[in-house]
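Structural features, examined
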Number of protein chains: 2
Amino acid sequence: MDSREEKTVTISTVAKEAGVSMATVSRVVNGNPNVKPATRKKVLEVIDRLDYRPNAVAQGLASKKTTTVGVIIPDVTNVYFSSLARGIDDVATMYKYNIILANSDGNHQKEIQVLNTLLAKQVDGIIFMGHNLTDELRAQFKRAKTPIVLAGSVDQKDEVESVHINYVEAVESAVTNLINHGNKRIAFISGPLSDPINGEYRLKGYKNVLAKNGIDYDPNLVFETDYRYRSGEVLWPALASAHATAAFVADDELAAGVLNGARDAGAKIPEEFEVITSNNSKLTEIVRPQLSSITQPLYDIGAVSMRFLTKMMNKEESTQKTIELPYGFIKRGSSK
Amino acid sequence: MDSREEKTVTISTVAKEAGVSMATVSRVVNGNPNVKPATRKKVLEVIDRLDYRPNAVAQGLASKKTTTVGVIIPDVTNVYFSSLARGIDDVATMYKYNIILANSDGNHQKEIQVLNTLLAKQVDGIIFMGHNLTDELRAQFKRAKTPIVLAGSVDQKDEVESVHINYVEAVESAVTNLINHGNKRIAFISGPLSDPINGEYRLKGYKNVLAKNGIDYDPNLVFETDYRYRSGEVLWPALASAHATAAFVADDELAAGVLNGARDAGAKIPEEFEVITSNNSKLTEIVRPQLSSITQPLYDIGAVSMRFLTKMMNKEESTQKTIELPYGFIKRGSSK
DNA sequence: ACCTATAATGCAAGCGTTTCAAGAAAAAAA
DNA sequence: TTTTTTTCTTGAAACGCTTGCATTATAGGT
């Protein structure tokens, strides 16, 4: 067996070797200016020679900061969320934070459960992406003194900070566009209406525009489903029998399904049926015809959320609880 | 100002309140059986009443285990990788681990840099997804005594554990399929050949089959590009002038681009041009015609990698350094 | 009742940092 | 020089938990 015990080199090893106290080593490690240049140099030399790496866990215990933030995400596999996540990670890195990523499947139980393990791990902050913010969750958030921000999601009760676009207006613009092309029967296709973004905001935008244009709201034109491609693909018969001539769809995968389903059934797009989707992900360009879409700055929503969180973690006062990012619209082949 | 100081409740608070020692509380928290049922009950009652949550950082420092593993990923936004990541996270959760997720963009510098911060954070293990395992990286891995496994990637020098499919054989089967349809000029389209999976394994499979069927290898049929959709879309002119009648593509997004580029230019698929892709992601079904593809159990590769890692972290001896998962093939409209 | 094997518990030394009160050194002022 | 300031350093107490070892109950045998 090997005789060298391979001792881990700690701050005290370095201190002894450099002939200074641990406190001093700590200062040079943390860039504290109160160290005489000569001393600093000597310590750095030793650190280098011994290849010393500060133990972040010990630092965390002593300083009560872990430079780690928790990210609760429904499903990384979904491009919408992974785009946000990417934005989050990039600015986190920029501010020297790391991300603990946990999938929740949008499942309430898992969300609570994950939230608790994150808190146990003493994360400095949390970014939550979810469809539906329940009261229990809101309560847990409040109890934890940890800063939290919702990314790409909104708190109806406006108690927790969040960043997102104005869903009502975005949908209004899309549907208005459709109406201007002469459509009278426009389908509203989304995931669960229990998700406030769908059932509350988007639907409101849809109804607003209908009303403004003197078109009666017809519940038969509202299609509630899940976010899966396949769910959209099989929707055509229902759309046809509802005499829809256009559709606003709340998710790109879903929209791709709707589009393909319609085309596979022989419908001419956009002549006979127009569709506008919501997230402008890569998918919109891969499908034929390409999908017109509301554009959301997904990456930015993530990035801004994280930036916002850093401010909260630094206890910088902020006037606003909500940050609204701009949305846009891009016309492609699926609409006139 | 609020007079209640809101003291954090620690293990010692609980111990006092329950009239036992910290050691005992620690035991019940960790499910150590050496506690009299009555005592356990009493302690649990106090824990519940005081709403005590163990501080994972302190646990980590004391036990030298963080129940956290690092995951180095090129880009979460890419479905190929996020699928792996999802598999990883699911089994991690199953084994009570959390994931620190860090994007590297496949950039060597970032990889090294991220690796180091993960080690500083004392992760119990690391899962690495990368295109190219450099010597420096391999050296760093070795230096760190932390268990590491490569997910969906292979170490040419076979020094670090990994799980993946047999890329050579998978490509052989795909190209054989194309040859059986009478194709003599089959393009090989992939990302950077510097990635061993492309330049080494896949290309080898391609050449093998050509040789076996008496077809000369023509470098003009090898197209090296990046993994972007757009890069595939613009490839058609080149393919046409090389007189290719079919293509094997190493990435789905790329393949979707090739397919759309060809169709947009009027090529009939699969009659005039066949294409087979590699990852069987959702994309393959969204595009028209749908893409025939090699199938890889992406989620499973992630899951198995993590499972493998847990074994290593438990110091269970394992005979194999490499786990090879089965691949498959699914025929869709893009090939005959 | 007495001894022993075993089950429960308690003690206290870490784990590797940070941080604060306080002392030592160096620089500036007198 | 001597005295004040100001700049650097140090010692040692946290931070909240785990764990090996010592100690004390508890139960089983005889």
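- Labelled according to an unreviewed UniProt entry, chain A appears under the name Catabolite control protein A, originating from Ligilactobacillus pobuzihii.
- Quoted verbatim from the Function (unreviewed entry) field of UniProt, the annotation for chain A is "Global transcriptional regulator of carbon catabolite repression (CCR) and carbon catabolite activation (CCA), which ensures optimal energy usage under diverse conditions."

**Concerning the packing of aromatic side chains**
- Within the structure shown, the criterion is met by twelve aromatic pairs over all chains.
- Ring geometry for Phe188 of chain B and Tyr206 of chain B: centres 5.2 Å apart, planes at 50 degrees, overall tilted. Highlighted residues: Phe188 of chain B in strand β6 (residues 186–190) and Tyr206 of chain B in helix α9 (residues 196–212), separated in sequence by 18 residues.
- What makes Phe188 of chain B buried here is its relative accessible area of 0%.
- A relative accessible area of 1% places Tyr206 of chain B in the buried class.
- In this structure an aromatic cluster arises from ring pairing among Phe188, Tyr206, Tyr217 and Phe248 of chain A.

**A few points about the relation of the copies chain B and chain A**
- Aligned on chain A, chain B shows an RMSD of 0.1 Å; the corresponding rotation is 180 degrees and the shift along the axis is 0.1 Å. With respect to symmetry, the two chain copies, as superposed, fit the operation of a two-fold axis. No C-alpha of chain B approaches the rotation axis more nearly than that of Ile100 of chain B, which lies at 2.2 Å.
- Take the interface residues of chain B: 100% of them recur as interface residues in chain A, which is what a same-surface contact looks like.

**Focus on the interface of chain B and chain A**
- Taken together, the contact pairs 47 residues of chain B with 47 residues of chain A.
- Counting the surface lost from both chain B and chain A, the interface buries some 4100 Å², and carbon and sulfur atoms represent 48% of this.
- Per-residue buried area on chain B facing chain A is highest for Arg86, Lys121 and Ile286 of chain B; these three make up 17% of the total on that side.
- Summed over the shared surface of chain B and chain A, the number is twelve salt bridges.
- The salt bridge partner of Asp51 of chain A is Arg143 of chain B, with a shortest N-O separation of 2.2 Å.
- For the interface between chain B and chain A, the tally reads 32 residue pairs in polar contact (both at pLDDT 80 or more).
- In terms of residue count, strand β2 (residues 98–103) of chain B provides more of the side of chain B that touches chain A than any other element does, six residues in total.
- Residues belonging to the side of chain B that touches chain A are distributed by class as follows: 18 nonpolar, 15 polar and 14 charged.
- As paired elements, strand β2 (residues 98–103) of chain A and β2 of chain B share three bridges and run antiparallel to each other. The residue of β2 of chain B that forms the bridge with Ile100 of chain A is Ile100 of chain B.

What counts, and at which threshold
Residues numbered from 1 in each chain as written. Chains lettered and ligands numbered in written order. Predicted model: local features only at pLDDT ≥ 70, side-chain atom pairs only at ≥ 80, totals over all residues. Heavy atoms only, no water. UniProt positions renumbered as here; feature names shortened; annotations may be inferred. Phe/Tyr/Trp six-rings, centres within 6.5 Å; stacked < 30°, edge-to-face > 60°. Helix = DSSP H or I, 4+ residues; strand = E, 2+ residues; numbered from the N terminus. Buried < 20%, exposed > 50% of the residue type's maximum accessible area, 1.4 Å probe, protein only. Least-squares fit on C-alpha atoms with pLDDT ≥ 70 in both. Contact = heavy atoms within 4.5 Å. Buried area = accessible area lost by both parts, 1.4 Å probe. Salt bridge = Lys/Arg side-chain N within 4 Å of Asp/Glu carboxyl O. Polar contact = N/O pair within 3.5 Å; in protein donor to acceptor, adjacent residues only side chain to side chain. Nonpolar A, V, L, I, M, F, W, Y, C, P; charged D, E, K, R; others polar. Pairing = 2+ DSSP bridges.

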